[in-house]
Amino acid sequence: MREALELAKKAASQGDVPVGAIVLNPAGEIVGRGSNTREIDNDPMNHAEVVALRQAAKANESWRLDDHTLVVTLEPCTMCAGAAVQSRVAKIVFGAFDDKAGAVGSLWDVVRDRRLPHRPEVVSGVLADESALLLSEFFKAQR
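This report concerns the structure included in the present document. (Residues numbered from 1 in each chain as written. Predicted model: local features only at pLDDT ≥ 70, side-chain atom pairs only at ≥ 80, totals over all residues. Heavy atoms only, no water.)

**Observations regarding the overall build of the chain**
If you tally the helices and strands in the chain, you get 5 helices and 5 strands. Secondary structure elements of the chain, listed N to C terminal, follow the sequence α-β-β-α-α-β-α-β-β-α. In terms of overall dimensions, the chain is globule-like: its C-alpha atoms have a radius of gyration of 14 Å, near the 15 Å expected for 143 residues. Over its C-alpha atoms, taken along the principal directions, the chain stretches across nearly 40 × 30 × 25 Å. Sorting the 143 residues of the chain into buried and exposed places 47% on the buried side. Total accessible area computed for the chain in this model is approximately 7,500 Å², and 49% of it derives from carbon and sulfur atoms. When the 17 basic and 20 acidic side-chain charges of the chain are each reduced to a single mean position, those positions are 3 Å apart. (Helix = DSSP H or I, 4+ residues; strand = E, 2+ residues; numbered from the N terminus. Rg over C-alpha atoms; globule rule 2.2 N^0.38 Å. Buried < 20%, exposed > 50% of the residue type's maximum accessible area, 1.4 Å probe, protein only. Areas by Shrake-Rupley, 256 points an atom, 1.4 Å probe, with all protein chains shown as cover. Lys, Arg positive; Asp, Glu negative; His and termini not counted. Charge placed at Lys NZ, Arg CZ, Asp CG, Glu CD.)

See the structure below:
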């Protein structure tokens, strides 16, 4: 999570919402890193999780990320929760809850929907205060 927090700070320094994500392979090695780059790339899909999952899939030479872990500073939105499910990650670890757009327990619970063929394990609240502080400071500066 500390690495993801550093990536979140990078996003903020580039004018984007401070969210960072990493993907760990079964050996615990980082195979994907991402931060929000929607503003710099003018791409609505470039949430930190999607960027990290894409990088991990390239490193893995497969879109299937079975037994991998997605670690992200903010609870994934519906798009990112869906991407995690579609990539078959085994676990999602996140920091701060997102009451406005969270799709891993707050507003929706996409990843634990029993109708889906794949449901990753979820660990929430890891370094949540640090993640939330980055976000609140970023949005305070925007006002």
